[in-house]
Protein chains: 2
Amino acid sequence: MDGTTQLDGKARRTTARRAQTRRRLLDAALRAFAEEGFGRTTVESVCARAGFTRGAFYSNFSSLDELFLAMWEERSARMLHDLREALAQVPAAAPEEALRAALAAVGVDDEWHRITAEFTAHALRTPGLRRIVAAREQAIRETLVPVLTGALRRAGRDVPDEAALGSALVAVHDGTSVQVLLEPGSEDALRHREELFRHVLYAYSRPTPRDAGALEPPAPEETPHPEEPHRA
Amino acid sequence: MDGTTQLDGKARRTTARRAQTRRRLLDAALRAFAEEGFGRTTVESVCARAGFTRGAFYSNFSSLDELFLAMWEERSARMLHDLREALAQVPAAAPEEALRAALAAVGVDDEWHRITAEFTAHALRTPGLRRIVAAREQAIRETLVPVLTGALRRAGRDVPDEAALGSALVAVHDGTSVQVLLEPGSEDALRHREELFRHVLYAYSRPTPRDAGALEPPAPEETPHPEEPHRA
DNA sequence: CGTATCCGATACGTTCGCGTATCGGGAGGG
DNA sequence: CCCTCCCGATACGCGAACGTATCGGATACG
């Protein structure tokens with residue numbers, strides 16, 4: 001928000017290295033939590049990674065939880081931002097392409113997955129945190145859905161229940177990420193993930209009904225997918 | 001496996017209370033890990049819950065990891081067993097019914113979900129554990145799939161890629177469980193979960209092709225679902 | 001260039017949990 | 001009924017991490 005020296009005339013004085021220190025601590029926290037786990041990470045470990053002693057830490061944060069939350073919100077917001085950007089650059093594409101862009105933006109990041117998985121589990125125990133995580137999930141759904149429904153509509157498909165599609169996509173992302181990471185290098189897991197996404201996309205949409213019966217009225221229902229590239 | 005006093009004539013002597021002690025420690029471990037998290041659970045906490053001191057613990061296990069793993073494998077095996085039983089009692093049912101039975105057997109258990117989620121994240125850091133978790137997931141898939149494909153076939157639907165269906169179901173279970181737990185009491189989350197399962201079931205199966213064109217050859221493809229009970 | 005202030009390093013005492021070594025009560029066998 | 005051996009409790013020392021209080025070098029400003 002600030003970053004420079006003075007704010008407007010009555011604020012803090014020196015804020016130059018302080019910002020750098022914060023930054024290094026935030027970055028170190030990501031690595032520490034990813035490598036050591038949410039529950040086993042210590043203040044000392046984070047400081048060591050950042051090249052500080054605990055003095056620096058307690059001067060900037062009051063607890064590990066606070067540092068973690070700051071780091072998580074930052075990374076999470078960055079991810080959401082990247083997602084928006086990636087989707088913005090898919091102007092009039094097929095849904096497949098929009099989906100592929102979204103997946104590329106989100107990715108299946110090992111470190112980040114471990115962190116969020118453990119944090120989510122922790123949040124389930126802590127009402128305040130639970131609400132924060134739930135809100136973030138909702139934001140992700142609300143970013144994703146309009147773009148995909150747009151792409152689907154342009155491809156001639158309606159989405160009757162957008163909320164359902166959103167939940168489904170997030171659930172599928174979470175669930176398949178674990179599988180991909182559990183079997184590193186597995187071609188199958190990745191293919192199954194992609195296949196499931198495609199299925200969901202089509203299962204939660206249907207051919208746009210032409211208002212007063214125009215084109216292709218004889219075809220009664222549903223040609224499942226453009227192609228079915230998986231070998232039987 | 002034994003539970004009584006002697007094994008065959010050359011084994012340990014007293015094994016009566018020892019077994020009880022083990023049991024109480026295993027049960028206490030479940031509660032402790034669920035409430036305090038995987039990384040923050042201490043030996044003392046488990047012992048206190050079980051009504052012992054650390055002496056009992058170190059007499060039965062050599063590390064907390066060992067106790068955790070024993071507990072996890074037991075509960076996990078029990079879950080798998082319940083699943084098999086529940087599915088065995090769905091003799092010639094519709095796939096919907098088999099699915100419902102499976103979901104009821106597995107359920108969305110808060111405690112258990114937190115434990116497995118954190119443990120899985122931990123296992124991703126530890127090759128040995130990673131393989132154990134992956135194997136367990138595979139066992140679950142292999143239990144689930146044949147029953148469901150059987151039910152689907154009896155309902156006149158083929159499953160072209162059973163492995164894909166298995167992964168999809170497990171992924172959907174994991175992914176939607178988090179959502180259901182993140183929004184406690186949310187009718188929507190539960191409904192979305194069920195809906196997604198149904199979609200997956202049908203997306204990964206197709207009407208059995210009558211060998212030499214028998215019934216309903218005119219219908220070109222796919223009547224999506226029997227009913228679509230969700231309100232728009 | 002001086003000086004006031006900031007901020008991270010250092011030093012300190014404390015608490016928590018660990019793992020081991022030893023003890024004593026009670027369960028089983030003769 | 002004794003007596004042996006098991007097994008969980010107790011006692012002990014240790015190391016890790018914590019949070020605070022204080023110090024000294026760096027930094028911004030006049």
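Scroll up a little and you will see the structure.
What counts as what
Residues numbered from 1 in each chain as written. Chains lettered and ligands numbered in written order. Predicted model: local features only at pLDDT ≥ 70, side-chain atom pairs only at ≥ 80, totals over all residues. Heavy atoms only, no water. Near = heavy atom within 4 Å. Polar contact = N/O pair within 3.5 Å; in protein donor to acceptor, adjacent residues only side chain to side chain. Helix = DSSP H or I, 4+ residues; strand = E, 2+ residues; numbered from the N terminus. Nonpolar A, V, L, I, M, F, W, Y, C, P; charged D, E, K, R; others polar. Contact = heavy atoms within 4.5 Å. Buried area = accessible area lost by both parts, 1.4 Å probe. Salt bridge = Lys/Arg side-chain N within 4 Å of Asp/Glu carboxyl O. Phe/Tyr/Trp six-rings, centres within 6.5 Å; stacked < 30°, edge-to-face > 60°. Buried < 20%, exposed > 50% of the residue type's maximum accessible area, 1.4 Å probe, protein only. Expected span 1.5 Å × (residues − 1). Least-squares fit on C-alpha atoms with pLDDT ≥ 70 in both. Core = buried A, V, L, I, M, F, W, Y, C linked by side-chain atoms within 4.5 Å.

1. With respect to the protein's contact with DNA strand D
Among the 22 residues in the neighbourhood of DNA strand D, the closest are listed as Val43, Arg54 and Tyr58 of chain A together with Thr14 and Thr21 of chain B. Here the atoms of DNA strand D within 4 Å of the protein split so that 73% fall in sugar or phosphate, with bases taking the remainder. At a separation of 2.9 Å, a phosphate oxygen of DNA strand D approaches a polar side-chain atom of Thr21 of chain B. For the surface near DNA strand D, the elements supplying multiple residues, two or more each, are α1 (16-36), α2 (43-50) and α3 (54-60) of chain A together with α1 (16-36) and α3 (54-60) of chain B. Ranked by residues supplied to the surface near DNA strand D, first place goes to α3 of chain B with 5 residues. Looking at side-chain class alone, the surface near DNA strand D contains 5 nonpolar, 10 polar and 7 charged residues.

2. Focus on the interface of chain A and chain B
Many analyses report the size of an interface as the accessible area lost when the parts associate. Chain A puts 52 residues into the contact, and the matching count from chain B is 52 residues. Of the roughly 4,400 Å² buried where chain A meets chain B, counting both sides, 60% is carbon and sulfur surface. Contact with chain B buries area across many residues of chain A, yet Leu124, Arg125 and Leu182 of chain A alone supply 16% of it, more than any other trio. The tally of links from chain A across to chain B stands at 5 salt bridges. Counting across the interface, chain A meets chain B through 12 residue pairs in polar contact (both at pLDDT 80 or more). If you list the elements that add at least two residues to the side of chain A that touches chain B, you get α1, α6 (110-123), α7 (127-154), α8 (162-182) and α9 (187-203) of chain A.

3. Things to note about the packing of aromatic side chains
Residue and element names in this part refer to chain A. For the coordinates displayed, the defined rule picks out 16 aromatic pairs over all chains. Aromatic side chains Phe38 and Phe68 sit 4.7 Å apart centroid to centroid with 80° between the ring planes, which places their arrangement in the edge-to-face category. Taken together, the positions of Phe38 in the loop between α1 and α2 and Phe68 in helix α4 (residues 64-88) put the pair 30 residues apart, joining distant regions of the chain. A relative accessible area of 2% places Phe68 in the buried class. Ring geometry for Phe57 and Tyr58: centres 5.0 Å apart, planes at 85°, overall edge-to-face. In textbook terms, an aromatic cluster arises when at least three aromatic residues are bridged by ring pairs, as seen for Phe33, Phe38, Phe68, Trp72 and Phe119.

4. Focus on α8 of chain A
The periodicity of an α-helix, 3.6 residues per turn, causes residues three or four places apart in sequence to face the same way. Between the first and last C-alpha of α8 of chain A there are 30 Å, a value that for 21 residues agrees with the 30 Å anticipated at 1.5 Å per step. Between a side-chain oxygen at the N-terminus of α8 of chain A and the backbone nitrogen of Ala163 of chain A the separation is 3.3 Å; the capping residue is Asp161 of chain A.

5. Concerning the environment of Arg54 of chain A
Residue and element names in this part refer to chain A. Structurally, Arg54 can be placed in helix α3. Considering only alpha carbons, one finds Arg54 and Val43, 11 residues apart in sequence, at a separation of 7.0 Å. Those residues in contact with Arg54 that sit more than four places away from it in its chain are Val43, Glu44 and Cys47. A polar contact of 2.9 Å, which involves the side chain of Arg54, links it to the side chain of Glu44.

6. Comments concerning the relation of the copies chain A and chain B
Aligned on chain B, chain A shows an RMSD of 0.1 Å; the corresponding rotation is 180° and the shift along the axis is 0.0 Å. The transformation relating the two chain copies, once decomposed into turn and shift, fits a two-fold axis. Take the interface residues of chain A: 100% of them recur as interface residues in chain B, which is what a same-surface contact looks like.

7. Re the nonpolar core
The biggest cluster of nonpolar side chains holds 58 residues, and the ones touching the most others in it are Leu165, Leu196 and Val200 of chain A together with Leu196 and Val200 of chain B. Setting aside residues no more than four positions away along its own chain, Val200 of chain B makes contact with Leu196 of chain A together with Leu165, Ala168, Leu169 and Val172 of chain B.

Read these as geometric descriptors, not functional statements.
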